[in-house]
Structure formats: C-alpha cells, structure tokens
Amino acid sequence: MKILLADGQLREFEGSMSVAQIAAAISGKLAKKALAARIDGKIFGLDTVPLDGSRVEILTFEDEEGKKALWHTASHVMAQAVLRLFPETKLAIGPAIDTGFYYDFDAIRPFDAADLEKIEEEMRRITQEDLPVERIEMPRDKALEFTADNPYKQELIEDLPKDTVLSFYKQGEFADLCAGPHVPSTGRIRHFKLLSVAGAYWRGSEKNKMLTRIYGTAFEKREELAAYLEMLKQAKERDHNKLGRELKYFTTSDVVGQGLPLLLPKGAKVMQTLIRFVEDEEEKRGYQCARTPLMAKSDLYKISGHWDHYKDGMFVLGDERKDSEVLALRPMECPFHFIIYNSDIHSYRELPIRYCETATLFRNESSGEMHGLIRVRQFTLADAHIVCTPDQVADEFKGVLGLIIHVMRCIGIENDIRYRFSKWDPRNTEKYIDDPQAWETTQVLMKRILDEIGLDYKEADGEAAFYGPKLDLQFKNVYGKEDTLFTIQIDFALPGRFDMSYVDKDGTKKRPYIIHRSSIGCYERTLAMLIEKYAGALPLWMAPEQVRLMAITDRSLDYLKGWEQKLKAAGVRVTLDERSEKIGYKIREARTERVPYMAIAGDSEAEKGTLAIRKRGEGDIGQMDGDAFIDLVSNEIMKKVIF
RNA sequence: GCUGAUGUAGCUCAAUCGGUAGAGCAGCUGAUUUGUAAUCAGCAGGUUGCGGGUUCGAGUCCCAUCAUCAGCUCCA
C-alpha cells in the first residue's frame with residue numbers, strides 16, 4: 001500500500017498496515033510517541049488501517065489532536081476508576097478540553113478531596129495494568145440494550161439518527177459509548193493529576209440535574225506535569241482578585257455587598273487615567289460627550305425591549321402591581337442616547353452622530369457569578385452609540401475598530417485578544433428579537449465588513465445581543481477563562497422601536513443604523529485584565545505610582561522634597577519614602593510593587609544635584625541630573641504606546 | 001440561582017479530645033543615619049464574618065445567614 005506522509009513523502013508499505021504499524025516502520029521512537037492519526041483530514045485511532053493512497057499524519061502529544069486523544073482516554077480511565085470504587089455511579093459524559101479532561105458523574109454523593117485521592121490511586125492501578133483499548137461498533141438498538149441501565153447514555157443515543165452505527169471503547173471490564181479516538185492502551189497515560197470537583201448541569205442546562213464533574217489533566221513527561229502545576233500556582237499570584245487587593249487597587253466589604261468592589265485610591269487613579277485618555281481620544285475622533293440619568297421609568301425600557309428581554313438582569317425600584325410609577329437602574333444606556341437623538345430632527349448632513357459617555361451601569365447578576373473586578377453588579381462602560389446612514393455603516397464600523405486597536409496598542413494588549421463574531425440563535429426566541437429576516441441581513445452585512453477588513457475571527461452562535469450581532473474582542477484571564485473585553489454591535493431593532501429617523505436628500509424620513517460600541521470596554525474589567533497581564537507592573541503612563549523617591553539619610557530628605565515638588569508640577573505621580581531605614585528592603589519592595597522608576601539620593605547626590613535612578617526591568621541606569629530625569633519621565637508618559 | 005469548599009489581627013498562618021486565642025511580617029513609639037531581601041528595643045492590634053443553638057465551658061459541634069473561592073448556568 002502507498003501512504004502519503006505528513007512531510008510530503010510517498011511511501012510504500014507491504015500489505016495493509018495499521019497506523020501503529022506504519023509508525024513502527026518509520027521509527028521505533030515515533031511508534032512510542034504516536035497517540036492518534038490524521039487520515040485524509042480526519043482523526044482516527046492507531047489501530048485504524050488506512051486505505052491505499054491515504055494521506056497519513058501520525059499525531060503525538062505535541063499535536064493538539066494527539067493530546068486530546070490522550071486526555072480523552074484519561075477521562076475514560078478516571079470513569080473506570082470511579083466505577084471500581086463507587087459501582088452505583090452513573091456515567092454522563094467525559095470529553096477532553098483545552099487543558100485536560102473532565103468526566104460528569106451522577107454519583108450517590110458528591111466526591112470530596114479524599115475521594116479524589118482514592119480515584120487517582122485507582123487510576124494509577126489501571127494505567128499500570130496497561131489494558132488495551134478496543135473499539136467496538138454496534139447498531140443503535142443493540143447500543144440501547146447495552147446501555148439499558150444508564151439513562152444519560154440512552155438519551156445521547158436516542159438523539160442520534162436511527163441508522164447511526166455507534167462505537168464503544170472498551171478497556172478491561174469498562175466500556176463507554178464514545179466516538180473516539182483513543183490511545184491504544186491505558187498504559188500510555190503516565191503522568192496525570194485530578195485537579196478539582198465541581199457541579200455541572202446535565203447537557204449544560206440549568207433545568208437539568210446537577211452532576212458531579214471531576215477535572216484532571218495528563219502529560220507525557222513528569223516534568224511537563226510539574227511545570228503545568230507550577231504554572232497554575234503562579235497564575236494565582238497574578239490573579240487580579242488577589243494581586244489587586246494586595247496592591248491596594250480595590251477591596252470588597254461584607255456590608256456593601258456582592259459584586260460591588262470599592263476602588264481604593266491607587267485603583268481609582270488608574271481608572272481616572274484610562275477614562276481621561278479614552279474621553280480625549282474619542283473627542284479627537286468626532287464623538288460628543290453626553291451625560292444621562294442612571295435610572296428611568298419602566299416606560300423607557302418597555303420601548304427599548306429591555307423590559308421583555310432583560311428584566312431579570314435589572315434592578316427595579318418599586319412594585320409594578322402596586323406602584324403607579326416604577327423606576328429601574330439602567331443596565332445599558334442605549335435608550336438614553338436614542339432619546340437624546342430624538343429630541344431634535346436630524347438631516348442626513350449631520351450624520352454620523354456619535355454620542356459617547358463614561359457610563360455607570362447596573363446589572364443584577366445572580367449571586368454565583370460575581371468575581372473580583374471581572375463580573376460586578378455596578379460598572380463603568382466606555383460606551384457610545386453612532387447613528388448613521390446605511391452607507392456609512394461600514395466606514396463607521398471600521399472607524400470604531402481603528403479606535404479600539406489604538407486603545408489596545410496604548411494599553412499593550414493588541415496581541416492578547418481574539419475576535420469573535422457573535423450571532424443569534426434562532427431557536428432562542430425568548431432572548432432575541434424574533435425577526436429572522438433582519439437578523440439575516442444584518443449578520444451578512446457585518447460578515448462582509450469583517451471580511452473586507454480581513455479580520456481573523458471565529459463565529460459563535462447564540463452570543464449576540466438581543467437587538468443585533470456583535471464583534472466581541474475576547475481576552476483570557478490567568479486561568480485561561482475567556483471574557484469579552486470590547487464589543488461592537490450593529491443594531492437593526494432599536495431605531496425602529498424608538499422611531500428614529502433622519503431627513504434624507506430627497507426630503508423623506510429614513511431609518512438610521514445604530515452602532516453600539518465600547519472603546520476600552522468596562523473599566524473595572526479592563527483594569528482586572530491589565531493587572532493580570534502585567535502582574536501588577538502597569539506601564540508607566542497608567543501606573544498609580546510612577547516614581548518613588550527614597551532618601552538614604554535625613555540629610556538627603558530635604559533635597560528630595562525639592563524634586564518631589566518639581567516632579568509633581570510636571571504631572572508625574574511621585575511618592576517620597578521618608579524612611580531611610582531598611583533601604584535594601586524598601587527598594588526590593590518597590591520592585592515587587594512594580595514602581596516604574598526609583599530615584600535614590602544620599603549625601604553625594606545632594607551635593608551634585610543628581611539622582612541615582614533605578615528603572616523597573618532594567619536596574620540601575622546611573623546618576624542623572626534631576627531636570628533631565630523629569631524630562632525623561634514626562635516624555636515617556638506622553639508616548640503611551642507600548643511596543 | 002445550582003454543586004462543592006472556605007471564613008481566626010491589615011497579610012501569611014498556629015491553637016491536641018470542646019478547656020486562658022498565639023506567632024512572623026506589616027503598623028505605631030524611641031534609638032540607629034544607613035546604598036539594593038530585612039538594624040535594635042518597646043507598644044498596640046481580636047466579641048474567631050454576623051446571629052442563634054447544644055454544653056459547666058464553643059475558634060472547635062449543630063442550625064441559619066452574609067461573604068469569598070472553584071466550576072456550571074448567565075454575561076461587559
């Protein structure tokens with residue numbers, strides 16, 4: 001048989017051979033490392049015999065799909081161990097994920113830490129038994145019979161077309177419904193660790209039963225596993241929820257409540273810097289600032305549709321059944337900007353009109369969802385709404401993206417985000433305005449714009465806003481969990497609901513398009529991301545403390561006080577550490593506090609009129625004339641952009 | 001909201017079987033005048049998240065509640 005290998009080489013093998021045998025024929029080392037194979041673009045197990053002329057790529061732990069095969073088998077090993085220890089447990093599903101694997105169990109009681117250890121021990125036994133993993137195929141009715149005692153598997157099978165041939169994977173006494181592929185034997189799983197237990201709804205719906213999920217991960221080498229566990233530990237050190245508190249950026253209080261963080265002076269300083277920067281940048285780009293109320297009567301939200309689609313997420317003041325007037329804190333501010341637009345008639349000549357606002361918003365998130373500065377009940381959004389004619393939409397969209405990219409460069413996260421094109425879910429009529437035609441045309445329009453720009457994006461169904469599709473800019477936190485940082489949305493629904501119009505060239509009234517967007521997202525969340533990205537060492541221009549002056553002796557203290565005044569006058573955020581004792585410790589502390597510049601002075605500096613400068617990340621850069629230092633720092637603050 | 005875990009000084013942690021809440025760092029006071037991980041001495045810091053209960057006695061056991069964490073669901 002002839003096989004086209006991944007390196008482009010066409011190789012002839014004698015008779016028909018499985019992928020495992022092909023790998024062995026190529027090299028013993030490859031055979032040992034092989035985990036799965038890509039045959040003509042599809043992933044298979046190593047026991048697969050490819051057709052003559054197939055293109056075969058042997059997958060190892062270095063390949064995404066090879067890793068997944070190993071992790072998937074690991075999840076089966078875990079399930080097998082659980083069944084050995086707790087035979088009455090029912091298995092639900094257990095896939096590989098980006099960082100390892102999990103399995104959902106319907107257990108008699110939830111597993112605790114001690115159970116995890118026992119399960120891990122039993123897994124070790126199963127891997128040492130080195131059981132071969134076999135694929136078994138059976139028709140649907142037979143599969144139903146085979147899984148008769150497991151309602152979850154039955155449900156999965158029932159959902160598949162009647163003529164489907166189902167596959168099971170068997171290792172020792174254990175067999176599980178599974179599409180595969182898997183690695184050839186349980187002995188291939190060597191270095192693994194169970195990480196956590198959590199609840200998870202069956203098939204991801206809160207209406208279903210909550211199952212017990214165990215997360216784990218596995219690696220090829222002991223050092224890789226150790227490195228991964230170490231990475232998890234270090235991620236904790238960067239976690240904004242820990243670091244942000246340690247660095248005194250924010251705090252929370254039992255009596256203030258959940259999801260209501262309090263920004264301390266340092267955090268507030270960073271936020272103020274970002275707000276000033278964004279508001280100035282928006283003004284340069286033709287936005288007009290508006291100020292609108294934090295609450296409104298229910299009437300407004302009834303027009304906008306929030307009352308029907310978003311009421312659960314709102315703080316409603318008053319009781320609809322009793323009170324003649326019910327107010328609600330705003331969860332979004334679009335309706336307010338639309339009312340501003342409607343307060344006058346507009347000519348096509350005025351468009352586009354861009355209203356921006358640093359907007360405080362309130363959303364009544366459910367209790368388990370709050371998290372540090374990332375998910376909160378009150379937040380500050382750099383919000384804006386652009387009213388434009390249909391032919392202006394594409395340019396305005398690009399203009400918004402240009403602004404966002406500029407902002408990302410200035411805060412240094414341009415390469416850390418992923419673009420997501422968020423579309424609606426036609427089946428979810430409760431969440432989305434039910435107008436399939438309008439959804440279709442708007443999504444096509446947005447896709448055209450995205451493709452014109454040549455953006456590298458992923459599509460996601462069921463992630464749109466209730467009034468239109470979105471381009472979301474996604475950011476991963478230290479634990480790899482993804483959140484939306486910025487968003488641009490095209491709205492086809494609200495202009496009609498608010499009966500917005502402009503007078504066109506021909507003197508008739510036309511319906512405008514609306515773009516909703518946030519330039520830097522919500523400041524609280526962006527701040528959290530920045531703390532994690534920079535491990536607290538924020539870039540100079542936004543750092544709450546830009547320069548720290550330190551006196552070696554009391555004699556140099558007066559000298560430094562002079563420079564403190566001059567630095568302040570130049571707009572530099574400076575602090576003076578008056579305690580000259582423990583200077584080594586203080587410098588070290590300043591380093592871990594991520595102060596960009598330290599200027600140290602003793603008797604010799606005071607005599608010469610210089611400062612000894614230490615720059616974050618670079619160490620001592622020598623003595624410098626005080627005025628030259630002020631110029632250096634001010635220039636760097638002005639520049640902003642992080643390369 | 002759901003499942004599980006956790007709340008002791010500003011931070012990190014200790015307190016045996018239910019038997020007087022304790023240490024380091026940080027803070028304050030004084031001495032020290034010092035050049036890159038730690039000068040010395042002293043002082044202060046707590047209704048053990050809050051509220052009930054069991055007990056002669058509760059940080060420890062039970063109930064309730066608030067908050068925090070991980071995950072699910074939801075979302076900027």
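These numbers were taken from a predicted model, which means no experiment stands behind them.

(A) Main features of the packing of helix 13 (residues 393-411) against helix 14 (residues 436-453). Running from amino to carboxyl end, helix 13 crosses helix 14 at an angle of 55°, the nearest separation of the two axes being 10 Å. Taken together, the axes of helix 13 and helix 14 are oblique relative to one another. In this structure, the crossing between helix 13 and helix 14 has a hand that is right-handed. From helix 13, V393, A394, F397, K398 and L401 reach across to helix 14, where they touch L445, M446, I449, L450, E452 and I453. Looking at the contact of helix 13 with helix 14, its residues break down into nine nonpolar, no polar and two charged.

(B) Quick peek at the side chain of K470. Position of K470 relative to the elements: it lies in strand 24 (residues 470-476). Classification of K470 by relative accessible area gives buried; the value is 14%. Non-local contacts of K470, meaning those with residues more than four positions away in its chain, are made with R420, F421, S422, M446, E463, A464, A465, T487, I488 and Q489.

(C) A look at a positive patch on the surface. On the surface, K32, R124, R190, K193 and R222 cluster together to form a positively charged patch. Structurally, R190 can be placed in the loop between strand 11 (174-177) and strand 12 (191-201). A relative accessible area of 56% places R190 in the exposed class.

(D) Up close: the sheet that holds strand 17 (residues 295-297). Pairing within the open sheet is antiparallel, and its three strands lie in the order 17-19-18. Edge positions in the open sheet fall to strand 17 and strand 18 (316-317), since each of these has one partner strand only. Bridge count for strand 18 against strand 19 (residues 327-329) is two bridges, and the pairing is antiparallel. Bridge pairing in strand 19 places L317 opposite L327.

(E) Structural view of the environment of P110. Positionally, P110 belongs in the loop between strand 8 (100-106) and helix 4 (113-129). Along the primary structure P110 and R213 are separated by 103 residues, whereas in three dimensions their C-alpha atoms are 9.0 Å apart. Setting aside its immediate chain neighbours within four residues, P110 contacts D115 and T212.

(F) View of the sheet that holds strand 32 (residues 610-615). Taken together, five strands build an open sheet; the order of strands is 30-29-31-32-33 and the sheet is mixed. The open sheet has two edge strands with one neighbour each: strand 30 (574-577) and strand 33 (619-625). Geometrically, the sheet is characterised by an average inter-axis angle of 25° between neighbouring strands, direction not taken into account. Relative to strand 32, strand 31 (residues 597-601) runs antiparallel, the two sharing four bridges. Within strand 32, the residue paired with I600 across the bridge is A612. Across the sheet, helix 17 (residues 554-569) touches strand 29 (547-551), strand 30, strand 31 and strand 32, and the angle it forms with strand 29 is around 165°. Sheet strands in contact with helix 20 (residues 626-639) are strand 29, strand 31, strand 32 and strand 33, and its direction is about 120° off that of strand 33.

Conventions adopted
Numbers given to residues run from 1 along each chain, matching the order in which its sequence is written. Each chain is given a letter, starting from A, and each ligand a number, starting from 1, according to the order in which they appear as written. Given that the model is predicted, a residue must reach a pLDDT of at least 70 before its local features are reported, and side-chain atom pairs must reach 80 or more before they are shown or counted; all residues, however, enter totals for whole chains, interfaces and linings. No hydrogens and no water enter the side-chain calculation; it runs on all heavy atoms of the structure. Here an axis means a line fitted to C-alpha atoms, over the contact stretch when the element is a helix, while the angle between two N-to-C directions is reported on a 0 to 180 degree scale. Helical segments are the DSSP runs of H or I of at least four residues, strand segments are the runs of E of at least two, and each set is numbered from the N terminus. Any angle that falls under 35 degrees is termed roughly parallel, while one over 145 is termed roughly antiparallel, one within 65 to 115 roughly perpendicular, and all others oblique. Should the near helix be turned anticlockwise from the far one by less than a right angle, the crossing is left-handed, and should it be turned clockwise, the crossing is right-handed. Whether two residues are in contact is decided by their heavy atoms, any of which lying within 4.5 Å being enough. When residues are sorted by character, Ala, Val, Leu, Ile, Met, Phe, Trp, Tyr, Cys and Pro go into the nonpolar class, Asp, Glu, Lys and Arg into the charged class, and all the rest, Gly among them, into the polar class. Exposure categories follow from relative accessible area, calculated using a 1.4 Å probe and restricted to protein chains: below 20% of the type maximum is buried, above 50% is exposed, and the middle band is partly exposed. Residues forming no salt bridge and having over 30% relative accessible area are the ones grouped into patches, like charges within 9 Å of each other and nonpolar side chains (Val, Leu, Ile, Met, Phe, Trp, Tyr) within 5 Å. Every accessible area reported is derived by Shrake-Rupley at a probe size of 1.4 Å, with residue values counting cover from the shown protein chains alone. For salt bridges, the criterion is a side-chain nitrogen of Lys or Arg within 4 Å of an Asp or Glu carboxyl oxygen. The charged-residue count follows a simple rule in which Lys and Arg add positive charge and Asp and Glu add negative charge, with His and chain termini not counted at all. The location of each charge is read from NZ of Lys, CZ of Arg, CG of Asp or CD of Glu. Only strands joined by at least two bridges in the DSSP assignment are considered to pair.

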